[in-house]
Amino acid sequence: MSNDEKQPTGPLRGIKVLDASTILAGPLTAQILGDFGAEVIKIEHPQKPDGMRGHGLDKDGIPLWWKMVARNKQTVTLNLSTADGQQIFRDLAAEADVVIENFRPGTFERWGMSYAELSDRNPGLIMLRVTGFGQHGPYAKRPAFGTLVESMSGFAYLTGQPDGPPTLPAFGLADSIAGVAGSSAISMALFERERNGGTGQEVDLDLLTPIMTAVGPGVIYADQLGIDQERTGNRSQNNAPRNLYRTKDDHWVAISTSAQAIAERVMQLVGHPEVIDEPWFATGRTRAQHADLLDTYVGDWIAERTRDEVTSAFEEAGAAVAPVYRPSDLLTDPQVVATDMVTTVEDSELGPMRMQNVMWRMTRSPGAIRHTGRPAGADTDKVLTHLGRSPEAIDDLRARGVI
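Here is a short report on the structure shown in this document. Everything numeric in this text was worked out from a predicted model, so none of it was measured. (Residues numbered from 1 in each chain as written. Predicted model: local features only at pLDDT ≥ 70, side-chain atom pairs only at ≥ 80, totals over all residues. Heavy atoms only, no water.)

Quick look at the overall build of the protein
At step 1: Looking only at helices and strands, the protein has 18 helices and 13 strands in total.
At step 2: Residues classed as buried in the protein amount to 46% of the 403 residues present.
At step 3: Long-range pairs, those at least 24 residues apart, make up 68% of the contacts in the protein between residues at least 6 apart in sequence.
At step 4: Taken as a whole, the protein presents about 20400 Å² of accessible surface, with 53% of it coming from carbon and sulfur.
At step 5: The averaged location of the 53 negative side-chain charges in the protein is 4 Å from the averaged location of its 39 positive side-chain charges. (Helix = DSSP H or I, 4+ residues; strand = E, 2+ residues; numbered from the N terminus. Buried < 20%, exposed > 50% of the residue type's maximum accessible area, 1.4 Å probe, protein only. Contact = heavy atoms within 4.5 Å. Areas by Shrake-Rupley, 256 points an atom, 1.4 Å probe, with all protein chains shown as cover. Lys, Arg positive; Asp, Glu negative; His and termini not counted. Charge placed at Lys NZ, Arg CZ, Asp CG, Glu CD.)

Below, the structure written as structure tokens:
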């Protein structure tokens, strides 16, 4: 059986999703749903397809990131600013379980595709609306990207060295967190629909809230204590030793001692068990106040050993350590290989390629990568034929730039 012929096997098989979103948060939400069995139809403008196709590196002119984020999706070109395109979308939504969109608030309403209008034909429809700041409020119509909310969330303020500037991530962190949150929100909405007799709902997901939650308790600290957390570099205010340390063979390893027992094992391993009896060693917060001393003890011990020697010793002692990896290191890591975290998928254009597997492993209804991201519009004719459009009508729509 070829890759394109594989049938969904996950818990969401039978669920139909229209992905009318662009760039990352919405498409990643749809990717996760597709990974776990949903039938996903990706909607793109016929002349201006999803900008994700132009993000990242390519091979022989073929975008590689697209192969991952658009996997398990049928691709349909459709100009939603035309009356015919809007009607086709309404017809598709009438058969769908989920619609995902990330246009500026008011755009779908202007096109006659508000949730009220779509759910009038399909009361069970769930509509996820992804924006920078939400559907309401003074910032609702502001253009926003992950970079802006990474800045506003507190993430950038907390990231970097204490004497350096705030630091943004080198990847789409806010969008990725929102994408995972979006798949969770839709799963909840589908579950709630089953419980209430089949009525769907509208879900308002902004990019700011998920990453603001991931950053941690800063808002509570500001409210209750009147303080702002400050940058601590690779250290933590909650435990020590916690840092990156250079090995003898010029690698880096990361150590964390969030659990008290782990902290004690680390200090025994590096030859300084005497600090365990110090009163300040009893909690992570007070250990963090003595990070200079603990980092010196741990750093000196690690600097005399190779990365393999360090990891072996920590493993034998039951302490926590991990190497600082480049992406290429993941391709050969024994744990990643053994659990298929990175898996090989056959691509129709580039042949076999390795990419991140589905995000979690389920014993009874596992997800799967059935195919990689397709060229724009590859499934347009098939999807429109299913809606009852004749070959002549499809040719006419294409000639007029609707598809």
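Quick notes on unusual backbone geometry
At step 1: In this model, Ala240 is joined to Pro241 through a cis peptide bond whose omega is 0°.
At step 2: Structurally, Pro241 can be placed in the loop between helix H10 (218-225) and strand S9 (243-246).
At step 3: For Asn72, which is not a glycine, the phi torsion comes out positive at approximately 60°.
At step 4: Along the chain, Asn72 turns up in the loop between helix H2 (64-69) and strand S5 (73-77).
At step 5: Positive phi, normally seen in glycine, also occurs at Asp340, with a value near 60°.

Some remarks on the environment of Leu269
At step 1: When you line up the elements, Leu269 lands in helix H11 (residues 260-269).
At step 2: Looking at Leu269, the relative accessible area reads 22%, which means it is partly exposed.
At step 3: It is 8.7 Å that separates the C-alpha atoms of Leu269 and Ala319, two residues lying 50 residues apart in sequence.
At step 4: In contact with Leu269, other than residues within four places in its own chain, are Trp301, Ala313, Phe314 and Ala317.

Here we look at the sheet that holds strand S6 (residues 98-101)
At step 1: In space, the six strands of this open sheet follow the order S5-S2-S1-S6-S7-S8, with parallel pairing throughout. A strand with exactly one partner marks an edge of an open sheet, and here the two such strands are S5 and strand S8 (202-206). Across the sheet, the mean angle separating the axes of adjacent strands is 20° when strand polarity is ignored.
At step 2: With four bridges connecting them, strand S1 (residues 16-20) and S6 associate as parallel partners. If you follow Val17 over to S6, its bridge partner there is Val98. (Pairing = 2+ DSSP bridges. Axes fitted to C-alpha atoms, helices over the stretch in contact; angles between N-to-C directions.)

Regarding the pairing of strand S13 (residues 351-356)
At step 1: With six bridges joining them, strand S12 (residues 342-347) and S13 adopt antiparallel strand pairing. Counterpart to Thr343 in the pairing with S13 is Met355.
At step 2: Here S12 folds back onto S13, and the loop between the two strands holds three residues.

Here's the deal with the packing of H11 against helix H13 (residues 291-303)
At step 1: Remark: H11 packs on H13, axes separated minimally by 10 Å, with the N-to-C direction vectors making an angle of 55°. The angle between H11 and H13 places the two elements in the oblique class. Between H11 and H13 the crossing geometry is left-handed. In this structure, H11 contributes Val266, Met267 and Leu269 to the contact, and H13 contributes Leu294, Tyr297, Val298 and Trp301.
At step 2: For the contact of H11 with H13, a count of residues per class yields seven nonpolar, no polar and no charged. (Parallel < 35°, antiparallel > 145°, perpendicular 65-115°, else oblique. Left-handed = near helix turned anticlockwise from the far one by under 90°. Nonpolar A, V, L, I, M, F, W, Y, C, P; charged D, E, K, R; others polar.)

Observations regarding the packing of H11 against helix H14 (residues 307-317)
At step 1: One way to put it is that H11 packs onto H14 with a least axis distance of 10 Å and a crossing angle of 125°. Taken together, the axis directions place H11 and H14 in an arrangement best described as oblique. As for the relative orientation of H11 and H14, their crossing is right-handed in sense. Between H11 and H14, the residues in contact are Arg265, Val266 and Leu269 and Ala313, Phe314 and Ala317, respectively.
At step 2: When its residues are assigned to classes, the contact of H11 with H14 shows five nonpolar, no polar and one charged.

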